[in-house]
Amino acid sequence: LGAVGMPCMTAYLGLMKLCEPKEGETVFVSGAAGAVGSLVGQIAKIKGCRVVGAAGSDDKVAWLKELGFDAAFNYKTVSSLDAALKEAAPNGIDCYFDNVGADFTTAVLKHMNQFGRIAICGSISTYNDKEPAKGPYPYVTILSKQLTVHGFIVMRWFKEWPQGMAQMVQWIKEGKIKYREHVTEGFENMPKAFIGLFAGENTGKAVVKT
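As the structure is a computational prediction, the values presented were derived from the model and not from experiment.

Participant: Can you tell me about the overall build of the protein, naming the residues and giving the values?
Facilitator: Helices and strands together make up the secondary structure of the protein, namely eight helices and eight strands. Burial statistics for the protein: of 210 residues in total, 47% are counted as buried. Within the protein, contacts between residues at least 6 apart in sequence are counted, and of these 65% link residues at least 24 apart.

Written as structure tokens, this is what we have:
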């Protein structure tokens, strides 16, 4: 369920296969304090990247910095997302691991470097929308910056899970990867835990313990 389950394979394979992070590059992660995002940032640090994350509370931002993120900010309290991105990634973004989508991602695209790579893992900001989002449309930005954008579902690499899990287990044993679980007690509280996901109440993997 957690750091050696589907979230870890989503983080490891999505980042390595699609973003292909190189030493010295800047990697930005949205939803960075979640089960997937927090692992993505740590893997990118292992690969020698500068890592920037956005999360929805000051406590989550503090945790990201404990994990080794070079910069992190609370997107709910910054006066300007553009200004926050410019300050956190002054040299632009080479790789973007997207867990949020919609207007947030449109803003991030403006800060991507030429030939940047984007892995779209989720779109948590839109899951409760009653109507599809309408613009602004990012296609000209994708064209002019010559970006590579991939959406993915991790099962596409199922045959490579054993290799990926072995690597993650090794990093955990070496103390290079840390993780948290947000545990809700009681099966009867499953709806509350599920709703909490969309309110950003969890840090790390959300688990219901029965």
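Participant: So what's going on with the sheet that holds strand E1 (residues 26-29)? Which residues, and what values?
Facilitator: An order of E3-E2-E1-E4-E5-E6 is seen for the six strands of this open sheet, with the pairing classed as parallel. If you trace the sheet from one side to the other, it starts and ends with strand E3 (71-74) and strand E6 (148-151), each paired once. In this sheet, adjacent strand axes meet at a mean angle of 15° when their direction is disregarded. The pairing of E1 with strand E4 (residues 93-98) spans three bridges and is classified as parallel. Paired with phenylalanine 28 across the two strands is tyrosine 96, which belongs to E4. Together, strand E2 (50-55) and E3 form the strand contacts of helix H3 (residues 58-66), whose direction differs from that of E3 by roughly 175°. Helix-sheet contacts for helix H4 (residues 81-88) involve E1, E2, E3 and E4, and the interaxial angle to E3 is about 165°.

Participant: So what about helix H5 (residues 102-109)? Which residues, and what values?
Facilitator: Two residues of an α-helix separated by three or four positions point the same way, owing to the 3.6 residues in each turn. Buried residues dominate H5, accounting for six of its eight residues. Along H5, the residues classified as buried are Phe104, Thr105, Thr106, Ala107, Val108 and Leu109. The secondary structure elements touched by the buried residues of H5 are E1, E2, H4, E4, strand E5 (112-120) and helix H6 (139-144).

Participant: Just give me the short version of the pattern of salt bridges, but keep the residues and values in it.
Facilitator: Tallied over the entire structure, the rule returns four salt bridges. Between glutamate 25 and arginine 117 there is a salt bridge, with its nearest N and O atoms 2.6 Å apart. Placement of glutamate 25 in the loop between helix H1 (6-19) and E1 and of arginine 117 in strand E5 is noted, with a sequence separation of 92 residues between them. For the pair shown, glutamate 25 and arginine 117 are each scored as buried.

Participant: Pulling in residues and values, what's your account of unusual backbone geometry?
Facilitator: One non-glycine residue, alanine 102, lies in positive phi territory at about 55°. Position of alanine 102 relative to the elements: it lies in helix H5. Residue classification places alanine 102 among the partly exposed residues on the basis of a relative accessible area of 31%. The phi torsion at glutamine 146 lies on the positive side, around 55°, for a residue other than glycine. On the accessibility criterion, glutamine 146 (42% relative accessible area) is partly exposed.

Participant: Residue-level account of the pairing of E1, with values.
Facilitator: With burial as the criterion, each face of E1 is covered, one bearing Thr26 and Phe28 and the other bearing Val27 and Val29. In this structure, E1 lies alongside E2, joined through four bridges in parallel fashion. Each residue of the ladder has a partner; that of valine 27, found in E2, is valine 51. Read as a crossover between parallel neighbours, the route from E1 over helix H2 (residues 37-46) to E2 is right-handed.

Participant: Explain the packing of aromatic side chains to me, and be specific about the residues and the numbers.
Facilitator: Scanning all chains against the criterion turns up nine aromatic pairs. Measuring from ring centre to ring centre gives 6.2 Å for phenylalanine 28 and phenylalanine 104, while their planes differ by 10°; the resulting arrangement is stacked. Taken together, the residues span a long stretch of sequence, with phenylalanine 28 in strand E1 and phenylalanine 104 in helix H5 at a distance of 76 residues. For the pair phenylalanine 28 and phenylalanine 104, a shared accessibility class is recorded, and that class is buried. Ring plane angle 85° and centroid distance 5.9 Å describe the contact between tyrosine 75 and phenylalanine 104, whose orientation is recorded as edge-to-face. Of this pair, tyrosine 75 sits in the loop between E3 and H4 while phenylalanine 104 sits in helix H5, and the two are 29 residues apart along the sequence. An aromatic cluster of three or more residues is present, and its members are Phe28, Phe73, Tyr75, Tyr96 and Phe104.

How each quantity is defined
Residues numbered from 1 in each chain as written. Predicted model: local features only at pLDDT ≥ 70, side-chain atom pairs only at ≥ 80, totals over all residues. Heavy atoms only, no water. Helix = DSSP H or I, 4+ residues; strand = E, 2+ residues; numbered from the N terminus. Buried < 20%, exposed > 50% of the residue type's maximum accessible area, 1.4 Å probe, protein only. Contact = heavy atoms within 4.5 Å. Pairing = 2+ DSSP bridges. Axes fitted to C-alpha atoms, helices over the stretch in contact; angles between N-to-C directions. Salt bridge = Lys/Arg side-chain N within 4 Å of Asp/Glu carboxyl O. Right-handed = clockwise from strand over helix to strand, strands pointing away. Phe/Tyr/Trp six-rings, centres within 6.5 Å; stacked < 30°, edge-to-face > 60°.

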